[in-house]
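Structural overview for review
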Amino acid sequence: EEGDATLLTDYFYYIMLQLSVCRLTEKDRKTRGGKRQDVAVGYGGLQCVHCATAPSARKFFWSNVDRLANSFAGIPDHVLTCKMCPKDVVEALLVLKGRHNVQMSCLTRGSQKHFFRRMWKRLHDGDGVAAGAAAAGDGAVAGGATLASLKGS
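Residues numbered from 1 in each chain as written. Predicted model: local features only at pLDDT ≥ 70, side-chain atom pairs only at ≥ 80, totals over all residues. Heavy atoms only, no water.

**Brief notes about the pattern of salt bridges**
Note that side chains of opposite charge can pair when their charged atoms are close. Taken as a whole and judged by the stated rule, the model has six salt bridges. In this structure, R118 and D4 form a salt bridge, with 2.2 Å as the shortest nitrogen-oxygen distance. Residue R118 is found in helix 6 (residues 111–124), and its partner D4 is found in the segment before helix 1 (10–16); the two are separated by 114 residues along the sequence. For K113, the salt bridge goes to D66, with nearest N and O atoms at 2.9 Å. You can see K113 sitting in helix 6 and its partner D66 sitting in helix 3 (residues 65–71), a full 47 residues away along the chain. Through salt bridges that share partners, D4, R118 and R122 make up one connected network. (Salt bridge = Lys/Arg side-chain N within 4 Å of Asp/Glu carboxyl O. Helix = DSSP H or I, 4+ residues; strand = E, 2+ residues; numbered from the N terminus.)

This is the structure in structure tokens:
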């Protein structure tokens, strides 16, 4: 949607560009110490675009929008240390991170959470369709989309 970029700092916006939409697969349910055991196949999440094709790709799935908002810091931590993330991306992120606090103070209170709610809705709009495709044996659940649709760009 128009205006999503104005709800985030440049740092968080650039972090979002390092992610793509993913859908939980049966294989994903068995990783991360069994924490995803009760999550439905086809459930929407985000993955690092840099290591998405690696066997140990980093994927993020949250049970609700509040958990996403409260634990978002784990995403920049991964991107900044991802072995497959290009050096120029890491360097750009570090520069933007230096401006993050000042930009946060200029944003309208609650704007970031507003963005997360918008993104959550768009991220999970396809959960039912993806779960149905998984049940039917259609490999569509693992497919990633760009975050442009989530960011409204």
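**A look at the layout of surface pockets**
Size it by volume and the second largest pocket reaches roughly 190 Å³. Forming the boundary of the second largest pocket are 13 residues, of which D28, T31, P55, S56 and A57 lie nearest the centre. Split by residue class, the lining of the second largest pocket holds four nonpolar, three polar and six charged. (1 Å grid on protein atoms, 1.4 Å probe; cavity = no way out; pocket = protein on both sides within 12 Å on 5 of 7 lines; lining within 4 Å. Points joined across faces, edges and corners; volume = space filled by probe spheres on them. Nonpolar A, V, L, I, M, F, W, Y, C, P; charged D, E, K, R; others polar.)

**As for the packing of aromatic side chains**
Using the criterion set out here, one finds six aromatic pairs in the structure. Their ring planes at 75° and their centres at 4.8 Å tell us that F12 and F72 sit as a pair that is edge-to-face. Separated by 60 residues along the polypeptide, F12 in helix 1 and F72 in the loop between helix 3 and helix 4 (74–81) bring together distant segments of the chain. For F72, a relative accessible area of 3% gives the class buried. The rings of Y11, F12, F72, F115 and F116 are connected pair by pair, giving a single aromatic cluster. (Phe/Tyr/Trp six-rings, centres within 6.5 Å; stacked < 30°, edge-to-face > 60°. Buried < 20%, exposed > 50% of the residue type's maximum accessible area, 1.4 Å probe, protein only.)

**Side note on the environment of L46**
Along the chain, L46 falls in strand 2 (residues 44–48). Along the backbone, L46 and S20 are 26 residues apart, and their C-alpha atoms lie at a distance of 5.6 Å.

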